[in-house]
Amino acid sequence: MFRTILRSLTAVLLTATAAMTLSPAAHASQPAVQVRATDPSSTGSYPVAYTDVTVSASGRSYSARVWYPGTTAGANAPVAAGAHPGLAFGHGFFQAITQYETLLKHYASWGVITVAPKSQGGLFPSHSAFADDLNAALTWLTSQNSTTGSRFAGAVNTSRLAVSGHSMGGGAALLAASRNPAVKSVSTLAAAETNPSAVTASGTLTMPVQYLGGSADTVAGVAANQQKMYDAKPSAAQLRVITGGFHCGFEDSSGIGCDSGTITRAAQQKLTDGITTAWLLYTLGVDTTLYDQVWGSAAQNLDGVVYSAKP
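No experiment lies behind these values; they were computed from the predicted model shown.

Basis of the calculations
Residues numbered from 1 in each chain as written. Predicted model: local features only at pLDDT ≥ 70, side-chain atom pairs only at ≥ 80, totals over all residues. Heavy atoms only, no water. Helix = DSSP H or I, 4+ residues; strand = E, 2+ residues; numbered from the N terminus. Buried < 20%, exposed > 50% of the residue type's maximum accessible area, 1.4 Å probe, protein only. Areas by Shrake-Rupley, 256 points an atom, 1.4 Å probe, with all protein chains shown as cover. Salt bridge = Lys/Arg side-chain N within 4 Å of Asp/Glu carboxyl O. Expected span 1.5 Å × (residues − 1). Pairing = 2+ DSSP bridges. Contact = heavy atoms within 4.5 Å. Axes fitted to C-alpha atoms, helices over the stretch in contact; angles between N-to-C directions. Disulfide = S-S within 2.5 Å. Core = buried A, V, L, I, M, F, W, Y, C linked by side-chain atoms within 4.5 Å. pLDDT = per-residue confidence, 0-100. Patch = residues over 30% accessible without salt bridge, like charges linked within 9 Å, V, L, I, M, F, W, Y side chains within 5 Å. Polar contact = N/O pair within 3.5 Å; in protein donor to acceptor, adjacent residues only side chain to side chain.

Asker: For this particular structure, what's the right way to read the overall build of the chain?
Answerer: Helix and strand content of the chain: ten helices and ten strands. Within the chain, buried positions represent 57% of all 311 residues. Surface exposure of the chain reaches about 11500 Å², of which carbon and sulfur atoms provide 57%.

Now the structure itself:
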C-alpha cells in the first residue's frame, strides 16, 4: 500500500508540474573518426572521460557534467582526436544526472560528447526553462569548439548536434528541438507530456525523432505520452516500446515512487543502449551502415521491442 501511495504521489507531482585541453589546431589536424557500430548495445572503442563544468550561454548559467570520448578514461582527460557529435541530455523529474551515468558513458564510448545539465532539479521545475537549458548546452559546446585553450576546442562537429532526455527531460528535449534549428536528431526515453506541450512541439519537428518507452511504465505510460507524441510527429519518426519495460528501468537505480516491470533493469538498459546509440550514430551521419538497425528488418524484428515507424 505504501509503495502504491508513493507511486501515485510521483504521478501527481509530474502532472502538477506539467500544469505550472587541447588547442584547435591539434584537433583540426585530425580527420573525424568514422565509427562502425556492428553492435551499438556493446561498449564502444573510446575510453570514457568526464569533466564538471559551469555552462554559461544564451543568458543561462548552471552546473553540468560532460561525458566524452577521451584519450584515456577518467576525470579531465584530453578529448580523443577527431570532431565528435554533441548531445544535450535532460534528466527526469527530481532525478540526479548520476542516475543516467551508465547510458551517458555508453554514448561517450561511441564518440558522443554529452552535456548533462544539473538544472531544474527541484519539486517545481520549469519545463520551458529546462528546454532552454538543453539548447544552451549545445550553444556552449559549439562556442567551446572555437575557444582557444578549451578542452573541447576543435573537438566538436557542430553540424551533428542532438538532444535527448528521460521523462520530463524527454519532453523538454522535444521543446528544445522545436526552438533550435541546430538540432539534427532527437532521442527520448519515456518522454512525459510537459507544459508547454511536448505533444504539440512534436508536431512541429522536421528532424528525425525517436520515442522509446516501456509497456509496463506506470509513471509516463506510452498511450498517454509517447504514442501521442509519435502520432503528432510527421516523418521521420519511430516509436519503440520495450515489452515489460518500466519507467525507472531507464535509470541506474530506483528510488521512492518508482515502478517495476517484467524485464530486468540490465536487459532494459542493454536494449536502450543499442536502440538509442544506433539511432544517434545513424541520424547524425556518423555511421550510415546502421540503416537496418534503425529502419530495417533488424529494427523491426528486435526481440522484446515493438516497432512503429514513419521513415
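Anyway, onward from the coordinates.
Asker: How do you make sense of the pattern of salt bridges when you look at a structure like this?
Answerer: Between side chains of opposite charge, pairing is possible as soon as their charged atoms come close. Scanning the entire structure with this criterion turns up four salt bridges. We note a salt bridge from R65 to D52, for which the minimum N-O separation is 2.7 Å. Highlighted residues: R65 in strand β2 (residues 60-69) and D52 in strand β1 (residues 48-57), separated in sequence by 13 residues. A salt bridge links E101 to K105; the nearest nitrogen and oxygen atoms lie 3.9 Å apart. With a gap of four residues between them, E101 and K105 both fall in helix α3 (residues 101-109), about one helical turn apart.

Asker: In this structure, what is going on with helix α8 (residues 265-283)? I would like to understand it.
Answerer: Count 3.6 residues to each turn of an α-helix, and residues three or four apart come out pointing the same way. Its 19 residues give α8 an end-to-end C-alpha distance of 26 Å, which sits within 8% of 27 Å, the value for a rise of 1.5 Å per residue. A large share of α8 lies buried, amounting to 14 of its 19 residues.

Asker: Sorry if this is basic, but what is going on with the sheet that holds strand β9 (residues 237-242) here?
Answerer: Within a sheet, adjacent strands bond to each other through the backbone by hydrogen bonds, running parallel or antiparallel. Ordered in space as β3-β1-β2-β5-β4-β6-β7-β8-β9-β10, the ten strands form an open sheet in which the pairing is mixed. Each edge of the sheet is formed by a strand with only one pairing partner; in this case those strands are β3 (74-75) and β10 (305-310). By the bridge criterion, three bridges tie strand β4 (residues 84-90) to strand β5 (residues 113-117) in an arrangement that is parallel. Bridge assignment links A88 to a residue of β5, and that residue is V115. Against the sheet, helix α5 (residues 168-179) contacts β4, β6 (156-166), β7 (183-189) and β8 (209-214), and its axis sits at roughly 140 degrees relative to β6.

Asker: Honestly, the state of the cysteines in this entry has me stumped. Any pointers?
Answerer: Each disulfide is one covalent bond, formed between the sulfur atoms of two cysteines. Inspection of every chain in the model, using the stated rule, returns one disulfide. Residue pairing for C248: its cysteine sulfur links by disulfide to C258, the two sulfurs lying 2.0 Å apart. Measuring the twist about the S-S bond at about -85 degrees, one finds the C248-C258 disulfide to be left-handed. Residue C248 is found in the loop between β9 and α8, and its partner C258 is found in the loop between β9 and α8; the two are separated by ten residues along the sequence. The pair formed by C248 and C258 is uniform in burial state, with each residue classed as buried.

Asker: Even after reading the chapter, I still don't get the nonpolar core, so can you show me in this structure?
Answerer: Side chains that are nonpolar tend, in soluble globular proteins, to be buried together. If you look at the biggest cluster of nonpolar residues, it comprises 50 residues, and the most contacted ones within it are W140, F152 and L174. With eight residues, helix α4 (residues 127-145) is the single largest residue contributor to this core. Beyond its immediate sequence surroundings of up to four residues, F152 is in contact with T51, V66, Y68, V79, I113, W140, L141, Q144 and N145. By size, the runner-up hydrophobic cluster in this structure holds 38 residues, among which are I97, L103, A108 and I263.

Asker: Explain the confidence of the model for the chain to me, please; I cannot follow it from the model alone.
Answerer: In low-pLDDT regions, the fine details of the predicted coordinates are not to be read closely. For the chain, per-residue confidence averages 91 on the pLDDT scale, and residues scoring 70 or more make up 88% of the total. Within the model, pLDDT remains below 50 along residues 1-35, and this stretch shows 65 contacts once partners closer than five positions in the same chain are excluded.

Asker: It is not clear to me how the side chain of Q268 should be interpreted in this structure. Could you clarify?
Answerer: Within the secondary structure, Q268 sits in helix α8. In this structure Q268 comes out as buried when scored by relative accessible area, which is 0%. Once residues within four sequence positions are removed from consideration, Q268 is found in contact with I242, G245, F246, G249, F250 and I263.

Asker: How should I be thinking about the side chain of Q99 in this particular structure?
Answerer: Position of Q99 among the secondary structure elements: in the loop between β4 and α3. Among the residues examined, Q99 registers a relative accessible area of 13% and is labelled buried. With residues up to four places along the chain from it excluded, the contact list for Q99 reads E251, D252 and S253.

Asker: Whenever I open this one, α3 confuses me. Can you help?
Answerer: Within α3 the residues assigned to the buried category are L103, L104, H106, Y107, A108 and S109. Positive phi shows up at G111, right after α3, with a value of about 95 degrees.

Asker: Looking at this model, I keep getting lost on a nonpolar patch on the surface. Mind explaining?
Answerer: A surface patch of nonpolar side chains, about 350 Å² in accessible area, is lined by F94, L123 and F124. One can find F124 in the loop between β5 and α4. Judged by relative accessible area, F124 falls into the exposed class, the value being 62%.

Asker: What am I meant to see in the environment of Y68 here?
Answerer: Checked against the element boundaries, Y68 lands in strand β2. Classification of Y68 by relative accessible area gives buried; the value is 0%. In this structure the C-alpha to C-alpha distance between Y68 and F152, which are 84 residues apart in sequence, comes to 9.6 Å. Within polar-contact distance, the side chain of Y68 engages the backbone oxygen of A77 at 2.4 Å.

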